[in-house]
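# Structural description and commentary
Chain by chain, the residues:
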There are 2 protein chains.
Amino acid sequence: MYPKRFEDLIHAFQKLPGVGEKTAQRYAYTVLDWNEEERETFIHAISHMKEGIHRCKICGNLSDGELCDICSDENRNHHMICVVQSPKDIQSFESMQEYDGVYHVLNGTINIQKGILPDQLNIESLKNRIESENIEEIILATDPTVDGETTALYLEKMFKNHVKVTRLAYGIPMGSHLDYADSLTLLKAFENRK
Amino acid sequence: MYPKRFEDLIHAFQKLPGVGEKTAQRYAYTVLDWNEEERETFIHAISHMKEGIHRCKICGNLSDGELCDICSDENRNHHMICVVQSPKDIQSFESMQEYDGVYHVLNGTINIQKGILPDQLNIESLKNRIESENIEEIILATDPTVDGETTALYLEKMFKNHVKVTRLAYGIPMGSHLDYADSLTLLKAFENRK
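Sequence positions are assigned chain by chain, starting from 1 and proceeding in written order. Chain A is the first chain written and ligand 1 is the first ligand written, with later ones labelled in order. Local features in this predicted model are restricted to residues whose pLDDT is 70 or higher, and side-chain atom pairs enter the listing and the counts only when it is 80 or higher, whereas totals over whole chains, interfaces and linings include all residues. The side-chain numbers reported here are obtained from all heavy atoms of the structure, hydrogens and water having been left aside.

Turning to the interface of chain B and chain A, a few remarks are in order. Any two residues whose heavy atoms approach within 4.5 Å at even a single point are treated as in contact. Each partner contributes residues to the interface: chain B has 44 residues there, and chain A has 44 residues. Note on chain B versus chain A: buried area summed over both sides is about 4,600 Å², and carbon and sulfur give 72% of it. We define a salt bridge as a contact between a side-chain nitrogen of Lys or Arg and a carboxyl oxygen of Asp or Glu at a distance within 4 Å. Connecting chain B to chain A are two salt bridges. Of the charged contacts in the structure, one is a salt bridge between B:E51 and A:R5, with a shortest N-O distance of 3.5 Å. Looking at the side of chain B that touches chain A, the elements with two or more residues in it are α1 (4-13), α2 (21-33), α3 (36-47), α4 (49-52), β2 (62-63) and α5 (87-96) of chain B. Joining two parts hides part of their accessible area as seen by a 1.4 Å probe, and the buried area is that hidden amount summed over both. Secondary structure elements are defined from DSSP: runs of H or I of at least 4 residues count as helices, runs of E of at least 2 residues count as strands, and each element is numbered from the N terminus.

Moving on, we come to the UniProt feature "zinc finger region: C4-type" (unreviewed entry) in chain A. UniProt positions are given in the numbering used here, feature names are shortened, and annotations may be inferred rather than shown by experiment. The positions UniProt marks with the feature "zinc finger region: C4-type" (unreviewed entry) are residues 56-71 of chain A. For the annotated span residues 56-71 of chain A, helix accounts for 0% and strand for 12% of the residues, and the straight-line distance between the end C-alpha atoms is 8 Å.

Turning to the UniProt feature "domain: Toprim" (unreviewed entry) in chain A, a few remarks are in order. Under the local residue numbering, the UniProt record ascribes the feature "domain: Toprim" (unreviewed entry) to residues 79-173 of chain A. Here residues 79-173 of chain A is 35% helix and 20% strand, with 29 Å between the C-alpha atoms at its ends.

Of the transformation placing chain B onto chain A, the axial shift is 0.1 Å and the rotation is 180°, giving an RMSD of 0.1 Å. Here the two chains are linked by the operation of a two-fold rotation axis. If distances are taken from each C-alpha of chain B to the rotation axis, the shortest is found for B:I43, at 3.1 Å. Residue by residue, 100% of the interface of chain B is reproduced at the interface of chain A, so both copies engage with the same surface. Residues below a pLDDT of 70 in either copy are left out; the C-alpha atoms of the rest, at least 70 in both, set the least-squares superposition of the copies.

The next subject is the environment of A:R39. Along the chain, A:R39 falls in helix α3 (residues 36-47). Ignoring any residue separated from it by four or fewer positions in sequence, one finds A:R39 in contact with A:V31, A:W34, B:I46, B:M49 and B:K50.

Turning our attention to the packing of helix α6 (residues 124-132) of chain A against helix α7 (residues 146-159) of chain A. Residues and elements named next belong to chain A. Viewed as axis vectors pointing N to C, α6 and α7 meet at an angle of 30°, and their least axial separation amounts to 12 Å. As α6 packs across α7, the resulting crossing turns out to be right-handed. Residues L126, K127 and I130 of α6 form the contact with α7, whose own contacting residues are L155, M158 and F159. Side-chain classes follow a simple rule in which Ala, Val, Leu, Ile, Met, Phe, Trp, Tyr, Cys and Pro form the nonpolar group, Asp, Glu, Lys and Arg form the charged group, and the remainder, Gly included, forms the polar group. Taken together, the residues of the contact of α6 with α7 sort by class into five nonpolar, no polar and one charged. Inter-axis angles, ranging from 0 to 180 degrees, are taken between N-to-C directions of lines fitted to C-alpha atoms, where helices are fitted over the stretch in contact. Handedness of a crossing follows from how the near helix is turned relative to the far one, being left-handed for an anticlockwise turn of less than a right angle and right-handed for a clockwise one.

Okay, structure coming up:
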């Protein structure tokens, strides 16, 4: 029904996460209505992004240069490492405005089925940091999913004899209602009551 | 917090309709994880789209060539024109698989506040079609919004002495519940009861 090029455009947008056909169509129509300049700006942002986006040499966070803002900040506590799956998670922690330690980005989780093994994750460099820097605590902040849990258990086993290893608490999310909590979450909240 | 280029990417995605900061971030992270080829395909779809997407000379629908599939289809009823705001709406009608007439795309609606006057819409060509082709009926299928209604009233006034002009029926949507219908829709459904 649509012109070939328009179909291509719709398919392109469907590659974005959570974008189905309807949304992709909506995006495609919007882009079609853009003027030359708007389209150029959009294309430029995508085609030139890699040039200015680096990974921090220490923690793996996104950065403008060799080190990210956090690792190069002397005011932060460099003896405490929060281990996360992705740079995205750092943003969530930072918006909390409470944690003043540093981070380590694993770049994924262990997933046997997909063939993602520990050596494909950013674990070796975490080991080096723990061995060479004076680390007091690592906080395992992987997602509470099967893969996240597997990864956290793996890291816990690996490091618990070298450094204090903690995990985020599980429980009922603030502002939610008890009857909406799934039973696993409720179980965790019950087990960890104090 | 983010590298400059990454911020640019997030801002670029926020230009898409209904995309806020969170979604834009999610898209940006996805694109960052794409390999060279995936990124090239995406950029190519956007940068080359105009080349292969034309507007039908007759109705203004999106088309591969001079005429769209519908206008060049001899099996369709060319004496009946459904007037819509955008090519998008044609898709909705076509998926109904009931209408066999042709279309006319206005490319928007009259909106005095935004300075969109009738002469900026695809109305002149509609007038030409009504005058030169043997049109029996035009169906005004603009959105049931203030702008859509204004435009439909304008067209109705303009053409009602030359051709049979009809409007889509308003009422309760199928499969919905009465208590969810807004009072204006309910009023329309009540007025047009039969």
